[in-house]
Amino acid sequence: MIIDAHAHIFSSVDGLIGQGPVRGLDFGIAQIADDAPFQLVPPYNKSTTFPPEFLLANMDWAGVDKAVLLQGSFYGERNEEVLAACQKYPQRFKGAAFFDPWMTSARAEFDRLFGTPLFPILKLELSDTTGLHGLHPGFQLDDPELDWLWAELERREINLTMDLGPVGGPSYQSAAVEKIAARHPNLSIVLCHLGFPTRSMDADPALTAAWVEQIKLGELSNIWFDLSALPHRSEENYPYPKISEWIRRAVEIVGTEKLMWGTDVPGVTSAGTYPQLLTSYQELLDDFSDSERGRIFGGTAAQVYKFV
């Protein structure tokens, strides 16, 4: 079983980040505030959308069995769409809720989203560039005002998936995550993008050390990493050889059992087709054992996200 641990769906792009509103235009183009438009996804259809049927068609094309549907403030809140997709295709999707812990009446909204067992996952996209740190500058994840959130997630057995942004950024709060994980050992935490490495780490020992520090969080029993968006991070063309270096370094630290393959589609399809986003990882990790590859490409995600 192959599982994409990091995918998105949306009927339109209407997000909000620190830089301003994000809007989808025609033919895969998007615009942030008044900046120049840019190609967000390939221009395969007139509207800039990625409904669940588009994702399923790509999954079937590549031979991917299941996917985790995540959300963030960049594309815009899609709670109803994600829930509807999971109800329509329960054998293919698990869905995460979008939630802003710093919003007005956050506790009431949390109870609305998780008061019944509809969403088994909470996704927090925390990056200062495309996530909540841009909307709420200066927040600290280990602030006591958030203690209730981690406790409720643990009590309700809801997975927590977090994008902490690029290594070295203000939302890259590894020490705070370590505190949360230690205080809530039954809270399953997935950190996105393998700790968000960058090519600039090659020339900056401090950034490399910060990345290694975050990867070492996987030594805790309740923290895992998805491998999504690495083709973008590598700044290379297919088959993105740099990602092999990052993955192998992480394996040295925490082992394959803490890693799960993911794509971050549809945005990352500007770097390659959906099948290429799978085959590149498979080819670069071809020397791993069958059991190691089985964990990375589906086994770990099935365990952590409770797929059956």
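Residues numbered from 1 in each chain as written. Predicted model: local features only at pLDDT ≥ 70, side-chain atom pairs only at ≥ 80, totals over all residues. Heavy atoms only, no water.

A. Broad picture of the overall build of the protein chain. A tally of regular secondary structure across the protein chain gives 11 helices and 12 strands. Along the longest, intermediate and shortest principal axes, the C-alpha atoms of the protein chain span 45 × 45 × 40 Å. For the protein chain, the residues scored as buried account for 57% of the 308 residues in total. Sequence-distant contacts in the protein chain: of pairs separated by 6 or more residues, those separated by 24 or more amount to 72%. Total accessible area on the protein chain stands at roughly 12,400 Å², and carbon and sulfur atoms take up 53% of it. Charged side chains in the protein chain number 24 positive and 41 negative. The centres of these two groups are separated by 4 Å. (Helix = DSSP H or I, 4+ residues; strand = E, 2+ residues; numbered from the N terminus. Buried < 20%, exposed > 50% of the residue type's maximum accessible area, 1.4 Å probe, protein only. Contact = heavy atoms within 4.5 Å. Areas by Shrake-Rupley, 256 points an atom, 1.4 Å probe, with all protein chains shown as cover. Lys, Arg positive; Asp, Glu negative; His and termini not counted. Charge placed at Lys NZ, Arg CZ, Asp CG, Glu CD.)

B. Structural detail: empty space enclosed by the protein. Summed over the entire model, instances satisfying the criterion amount to 1 cavity of 30 Å³ or more. A volume near 40 Å³ is recorded for the largest cavity. Lining the largest cavity, in full, are H8, I9, L70, Q71, G72, Y75, G76 and R78. (1 Å grid on protein atoms, 1.4 Å probe; cavity = no way out; pocket = protein on both sides within 12 Å on 5 of 7 lines; lining within 4 Å. Points joined across faces, edges and corners; volume = space filled by probe spheres on them.)

C. Inspection of the sheet that holds strand β10 (residues 189-191) at higher detail. Spatially, 8 strands are ordered β1-β6-β7-β8-β9-β10-β11-β12 in an open sheet, and the strand pairing comes out parallel. A strand with exactly one partner marks an edge of an open sheet, and here the two such strands are β1 (3-7) and β12 (259-260). Judged from the 3 bridges that link them, strand β6 (residues 66-69) and strand β7 (residues 93-98) form a sheet pairing that is parallel. Paired with A67 across the two strands is F93, which belongs to β7. (Pairing = 2+ DSSP bridges.)

D. Structural context of the layout of surface pockets. Each pocket or cavity is described by its volume, and for the largest pocket that value is around 550 Å³. As for the largest pocket, its lining consists of 24 residues, of which F74, T130, H232, R233 and D264 are closest to the centre. If you list the elements that add at least two residues to the lining of the largest pocket, you get β5 (38-39), β8 (121-125) and α8 (230-234). Grouping the amino acids of the lining of the largest pocket by side-chain chemistry returns 8 nonpolar, 11 polar and 5 charged. (Nonpolar A, V, L, I, M, F, W, Y, C, P; charged D, E, K, R; others polar.)

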